[in-house]
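Observations on the model geometry
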Amino acid sequence: MNIEIIKTTTPKAKPDSSNLGFGKIFSDHMFIMDYTKGEGWKNARIVPFGRFEIHPASTVLHYGSEIFEGLKAYRRADGEVQLFRPIENIRRMNNSAERLCLPQIDEEMALEILETFVSCEKDWTPSAPGTSLYLRPFMFGNDESLGVHAVHNATFMIIASPVGSYYKEGINPVKIMIEAEDVRAVRGGTGYAKCGGNYAASNRAGERAEQKGYSQVLWLDGVERKYIEEVGAMNVMFKINGEIVTPALTGSILPGITRKSCIEVLKSEGYKVSERLLSIDELEEAMANGTLEEAWGCGTAAVVSPIGELSYKGKVFTVNNGEIGQITQHLYDTLTGIQWGKIEDSFGWTYPVK
Ligand code: PLP
Ligand code: COI
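Treat the numbers as computed from the prediction; the structure is a model and nothing was measured.

1. Here's the deal with the overall build of the protein chain
Scanning the protein chain from N- to C-terminus turns up 7 helices and 18 strands. Relative to its length of 354 residues, the protein chain is compact, with a C-alpha radius of gyration of 20 Å against a globular reference of 20 Å. By residue count, 53% of the 354 residues in the protein chain fall in the buried class. Excluding contacts between residues fewer than 6 apart, the proportion of contacts in the protein chain whose partners are at least 24 apart in sequence is 71%. Accessible area of the protein chain: about 15,700 Å², with a carbon and sulfur share of 49%. Positive and negative charge centroids in the protein chain, built from 37 and 46 side chains respectively, lie 2 Å apart.

Structure representation (structure tokens):
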């Protein structure tokens, strides 16, 4: 495909990679392409990063037609840059697009776009331990009219941000509050799609949790408020009485690529992983009687993040004495080892970018 590249004439200085935080600094360029029904995708271009105009009636501003992805480019010790399972992000994006009536992007074309863009912004991939270049592909409905219907015009973009750890705690255990009032998603809704609206609906509970000193909320299912679903920006896994358990993908949970990778790593090593319904009652009992051995969250931004404290309806439970557990540490070491090219990628998950 033809991607026009317009380079910036005023490149920015690269940031100090010891203090990047998450998503606050952006690289020099961004990718944009436009879609019109009947014509398909067109005008693929990489242009200097910056503000752009949209019509005040644009669909996204009124009806929330927006989906996004999150993946990272990692700088290996030998200086090369690689992606982690990018095809999985592309497939999930198309699934999200289908749910929100946004257009599909051909897998090969999406991969070519991603590669071309990362190659252009390669110098922005930091090399300090634990850092990476976070890539944020996103698509929004861009009809210039107020009628409510599937969109005829859309825009797809990618921006890039050099990042450090997502939580200020880094790999240290985080505190999570189990949310008993608000719900994030229901089956039949958009829970399995990575759409902006899911996050907008999550903010109120997230704010309340933050005010009480918690990093994020753990959601219960939207119908019975009984089954564990996922954390704000991560899937969750538990080790209860020797069994590794993670909520089954029932339609209201995001099918995380890190979740999938953790399951595949564990299964390849002979561990049994149960993807099943896990009720809050079962979890509460395990927390009370000490059989909850480990709890961790997993996601692209946070990688593998130990959960050291869980609270539910005012009751506070400490997990594994607030320390990182053995399986959690092992998954962190394995995934980050593969991502940063420190250990052999026997799964074929990495994707080098020239
Ligand atoms: N669940 C939610 C709600 C998320 O935002 C994320 C982050 O992407 C995840 C789970 C983990 O998904 P992945 O591992 O693909 O990043
Ligand atoms: C990611 O891990 O890529 C996420 O999407 C989390 C994000 C909402 C910050």
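That shown, we press on.
2. What about the site of ligand 1?
Taken together, 17 residues are adjacent to ligand 1, and Lys 194, Tyr 199, Glu 230, Thr 258 and Thr 300 come closest. Take Arg 92: an N or O atom from its side chain is 2.8 Å from an oxygen atom of ligand 1. Taking 380 Å² as the accessible area of ligand 1 by itself, protein coverage stands at 97%. Mapped onto the shell around ligand 1, the elements with two or more residues apiece are β11 (228-231), α5 (257-268) and β15 (292-299). Across the shell around ligand 1, the residue classes break down as 7 nonpolar, 6 polar and 4 charged.

3. Things to note about the side chain of Ser 132
In this fold, Ser 132 is placed in strand β7 (residues 132-141). Filtering out sequence-adjacent residues up to four positions away, Ser 132 remains in contact with Lys 72, Ala 73, Tyr 74, Pro 126, Ser 161, Pro 162, Val 163 and Trp 340.

4. Quick notes on the packing of aromatic side chains
Under the definition given, this model contains 12 aromatic pairs. Judged by centre distance (5.2 Å) and plane angle (55°), the rings of Tyr 35 and Trp 41 are tilted. The burial state of Tyr 35 is the same as that of Trp 41; both residues are buried. Judged by centre distance (6.4 Å) and plane angle (25°), the rings of Phe 52 and Phe 140 are stacked. Of this pair, Phe 52 sits in the loop between β3 (40-48) and α1 (59-63) while Phe 140 sits in strand β7; the two residues are 88 residues apart in sequence, bridging distant segments of the chain. Under the relative-accessibility criterion, Phe 52 is labelled partly exposed at 41%. Grouped by ring-pair contacts, the aromatic residues Phe 31, Tyr 35, Trp 41 and Phe 156 constitute a single cluster.

5. As for the site of ligand 2
In the neighbourhood of ligand 2, the contacting residues comprise Phe 22, Phe 68, Gly 70, Tyr 134, Arg 136, Tyr 166, Lys 194, Tyr 199, Ala 233, Thr 300 and Ala 301. At a separation of 2.6 Å, an oxygen atom of ligand 2 approaches a polar side-chain atom of Tyr 134. Of the residues in the shell around ligand 2, the class split is 7 nonpolar, 2 polar and 2 charged. Each of domain 1 (4-165) and domain 2 (174-339) accounts for three or more of the residues forming the shell around ligand 2.

6. Regarding the nonpolar core
Counting residues in each nonpolar core, the largest one holds 38 residues, and the members touching the most others are Phe 31, Met 33, Trp 41, Ile 105, Leu 135 and Phe 156. Those elements giving two or more residues to this core turn out to be β2 (29-36), β3, β5 (71-75), β6 (81-84), α2 (86-99), α3 (107-120), β7 and β8 (153-163). Once residues lying within four places of it in the same chain are set aside, the contact partners of Phe 156 are Phe 31, Ile 32, Met 33, Trp 41, Met 93, Ile 105, Ile 113, Pro 137, Phe 138 and Met 139. Counting 26 residues, the second-largest nonpolar core is a separate cluster that includes Tyr 167, Ile 280, Leu 292 and Phe 317.

7. Quick notes on the pairing of β6
By the alternation rule, side chains of β6 split into Val 81 and Leu 83 and Gln 82 and Phe 84, which are all buried. Following β5, the chain reverses through 5 residues before pairing antiparallel with β6; Gly 79 in that reversal takes a positive phi of roughly 95°. The sheet contact formed by β6 and strand β18 (residues 350-353) spans 4 bridges and is antiparallel. From the neighbouring strand, Gln 82 faces β18, where its bridge partner is Pro 352.

8. As for helix α6 (residues 280-289)
Every buried residue belonging to α6 is among Ile 280, Leu 283, Glu 284, Ala 286 and Met 287, and all of these are buried. Looking straight down α6, one finds its buried side chains confined to an arc of 160°; they lie on one side. For α6, the exposed residues set more than 90 degrees away from the buried face come down to Glu 285 and Ala 288. Positioned one or two residues after α6, Gly 290 has a phi angle of 80°, which is positive.

9. Thoughts on the domain arrangement of the protein chain
Domains assigned within the protein chain are domain 1 (4-165) and domain 2 (174-339). Relative to domain 2, the C-alpha centre of domain 1 lies at a distance of 27 Å. Each side of the interface is counted separately: domain 1 has 21 residues, and domain 2 has 22 residues. Each partner contributes to the roughly 1,900 Å² buried at the junction of domain 1 and domain 2, and carbon and sulfur atoms together form 56% of this total.

10. As for unusual backbone geometry
The phi dihedral of Arg 225 is positive, around 50°, even though this residue is not glycine. On the secondary structure map, Arg 225 appears in the loop between β10 (216-220) and β11. Even without being a glycine, Asn 320 presents a positive backbone phi close to 50°. Within the fold, Asn 320 resides in the loop between β17 (315-318) and α7 (326-339).

Parameters and conventions
Residues numbered from 1 in each chain as written. Chains lettered and ligands numbered in written order. Predicted model: local features only at pLDDT ≥ 70, side-chain atom pairs only at ≥ 80, totals over all residues. Heavy atoms only, no water. Helix = DSSP H or I, 4+ residues; strand = E, 2+ residues; numbered from the N terminus. Rg over C-alpha atoms; globule rule 2.2 N^0.38 Å. Buried < 20%, exposed > 50% of the residue type's maximum accessible area, 1.4 Å probe, protein only. Contact = heavy atoms within 4.5 Å. Areas by Shrake-Rupley, 256 points an atom, 1.4 Å probe, with all protein chains shown as cover. Lys, Arg positive; Asp, Glu negative; His and termini not counted. Charge placed at Lys NZ, Arg CZ, Asp CG, Glu CD. Near = heavy atom within 4 Å. Polar contact = N/O pair within 3.5 Å; in protein donor to acceptor, adjacent residues only side chain to side chain. Nonpolar A, V, L, I, M, F, W, Y, C, P; charged D, E, K, R; others polar. Phe/Tyr/Trp six-rings, centres within 6.5 Å; stacked < 30°, edge-to-face > 60°. Domains from an automatic or database assignment. Core = buried A, V, L, I, M, F, W, Y, C linked by side-chain atoms within 4.5 Å. Pairing = 2+ DSSP bridges. Arc of directions from axis to C-beta. Buried area = accessible area lost by both parts, 1.4 Å probe.

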